[in-house]
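What follows is the residue order along each chain.
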Amino acid sequence: MATRRLHMAQFLRRKGPIASKEQFVACARQMVSDGQVVVKFGNILAKHCLDQRCSMELLRATEHTQSISSQLGIVARVKAVTGESRACSELLLSNVQNLIQAVQHVLRAAEAACVKGLGQPPADPEEEEVAAFCQQWRKNLTQHRAKEALNSARDELGLRKTRGAKAEPTLMSLVQEQPPRSRNIPKHPNPRKGHTVMDRHL
């Protein structure tokens, strides 16, 4: 998603790979589709989160993302049938940025839900794969924290130094590792092989 947003911003400066209004609108519509993928992911996760507070926060984040995604879709349809208008293009780009921020909020809420724990999903392949994706992230996080606790440099008081420490794995980082041809939640190979649920365009 961040890459698409960059390309759309470049288009307004007559740079980048987007060469026409039609491609600009198509990029925005793909962002809407990406937003719906994240909304679906968040709703599935909220349903199985064991912590009610985290579940409610995740639902609020997904509802907000759904609203912004719908708004972006409306603006994209308007842009598609109007002439060249920089103001309309800037409004579209602003909505894209709002959607990216909303998606990041969903992923942060999803991380909190994963840490609190998930219940056993029903025999539904889609929900099982979402759960497997989240369990893989939580496993990566636990391993990272254990490794940092053992190997991190210490100060004179024996406290772990945070400066220079490796960043903790995030759901966003797992998303960005997804092979580019993968499209949807939850279509992904076995997460034990390092693949993820969401595509790298998010």
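Residues numbered from 1 in each chain as written. Predicted model: local features only at pLDDT ≥ 70, side-chain atom pairs only at ≥ 80, totals over all residues. Heavy atoms only, no water.

Undergrad: Could you give an account of the layout of surface pockets, naming the residues involved and the relevant values?
TA: Empty pockets left among the atoms are what a rolling probe the size of a water molecule brings to light. By volume, the largest pocket amounts to about 240 Å³. Around the largest pocket, the lining residues are Phe11, Leu12, Arg14, Lys15, Ile18, Lys79, Glu84, Ser85, Arg86 and Ser89. Among the elements of the structure, α1 (2–12) and α4 (86–116) are those that each provide at least two residues to the lining of the largest pocket. Each residue belonging to the lining of the largest pocket can be placed in one class, and the counts come to 3 nonpolar, 2 polar and 5 charged. (1 Å grid on protein atoms, 1.4 Å probe; cavity = no way out; pocket = protein on both sides within 12 Å on 5 of 7 lines; lining within 4 Å. Points joined across faces, edges and corners; volume = space filled by probe spheres on them. Helix = DSSP H or I, 4+ residues; strand = E, 2+ residues; numbered from the N terminus. Nonpolar A, V, L, I, M, F, W, Y, C, P; charged D, E, K, R; others polar.)

Undergrad: An account of the pattern of salt bridges is requested, with residue identities and associated values reported.
TA: Applying the stated criterion across every chain yields a total of 5 salt bridges. The closest approach of N and O atoms between Glu126 and Lys40, which form a salt bridge, is 2.6 Å. Pair noted here: Glu126 is in helix α5 (residues 125–151) and Lys40 is in helix α2 (residues 21–48), with a separation of 86 residues, a long-range link. You can call Lys40 partly exposed: its relative accessible area is 38%. Glu127 serves as the salt-bridge partner of Lys47, at 2.7 Å between the closest nitrogen and oxygen. (Salt bridge = Lys/Arg side-chain N within 4 Å of Asp/Glu carboxyl O. Buried < 20%, exposed > 50% of the residue type's maximum accessible area, 1.4 Å probe, protein only.)

Undergrad: Tell me about the packing of α2 against α4, and name the residues and values.
TA: It is at 10 Å that the axes of α2 and α4 come closest, and there the two elements cross at 20°. Here α2 is positioned roughly parallel relative to α4, judged by the angle of their axes. Classified by chirality, the crossing of α4 by α2 is left-handed. Here Phe24, Ala28, Met31, Val32, Gly35, Val38, Phe41, Gly42 and Leu45 of α2 come into contact with α4, specifically with Ser89, Leu92, Val96, Leu99, Ile100, Val103, Val106, Leu107, Ala110, Ala113 and Cys114. When its residues are assigned to classes, the contact of α2 with α4 shows 17 nonpolar, 3 polar and no charged. (Axes fitted to C-alpha atoms, helices over the stretch in contact; angles between N-to-C directions. Parallel < 35°, antiparallel > 145°, perpendicular 65-115°, else oblique. Left-handed = near helix turned anticlockwise from the far one by under 90°. Contact = heavy atoms within 4.5 Å.)

Undergrad: Summarise α4; cite the residues concerned and give the values.
TA: Since the α-helix advances by 3.6 residues per turn, residues separated by three or four positions end up pointing in the same direction. When the terminal C-alpha atoms of α4 are compared, their 45 Å separation across 31 residues agrees well with the 45 Å that a helix rising 1.5 Å per residue should span. Of the residues trailing α4, Gly117 is marked for its positive phi of about 115°. (Expected span 1.5 Å × (residues − 1).)

Undergrad: Kindly report on the nonpolar core, identifying the contributing residues and their values.
TA: A general trend in soluble globular proteins is that nonpolar side chains are found buried together. Ranked by internal contacts, the top residues of the largest apolar core, which has 45 residues, are Met8, Phe41, Leu45, Leu58 and Leu92. With 13 residues, α4 is the single largest residue contributor to this core. (Core = buried A, V, L, I, M, F, W, Y, C linked by side-chain atoms within 4.5 Å.)

Undergrad: Describe the confidence of the model for the protein chain, naming the residues involved and giving the relevant values.
TA: On average, the protein chain scores 81 in pLDDT, and the residues at 70 or more come to 77%. Predicted confidence for residues 179–197 stays below pLDDT 50, and this span has 40 contacts to residues more than four positions away or in other chains. (pLDDT = per-residue confidence, 0-100.)

Undergrad: I'd love a proper account of the packing of aromatic side chains, names of residues and values included.
TA: Enumeration over the complete set of coordinates arrives at 2 aromatic pairs. Look at Phe41 and Phe133: their rings are 5.7 Å apart centre to centre, the planes differ by 70°, and that puts the pair in the edge-to-face class. Separated by 92 residues along the polypeptide, Phe41 in helix α2 and Phe133 in helix α5 bring together distant segments of the chain. Each member of the pair, Phe41 as well as Phe133, carries the same accessibility label: buried. (Phe/Tyr/Trp six-rings, centres within 6.5 Å; stacked < 30°, edge-to-face > 60°.)

Undergrad: I'd like a rundown of the side chain of Asn95, residues and numbers included.
TA: As for its position among the elements, Asn95 is in helix α4. When its relative accessible area of 2% is taken as the criterion, Asn95 is described as buried. Setting aside residues up to four positions removed in sequence, Asn95 forms contacts with Ile68, Gln71, Leu72 and Val75.

Undergrad: Residues and numbers for the packing of α1 against α4, please.
TA: Put simply, α1 and α4 touch, their axes get as near as 10 Å, and they point 165° apart. Put simply, α1 runs roughly antiparallel to α4. Seen from above, α1 lies across α4 with left-handed handedness. Each of Ala2, Arg5, Met8, Ala9 and Leu12 in α1 lies in contact with α4, whose residues at this interface are Arg86, Ser89, Glu90, Leu92, Leu93, Val96, Gln97 and Ile100. Taken together, the residues that form the contact of α1 with α4 break down as 8 nonpolar, 2 polar and 3 charged.

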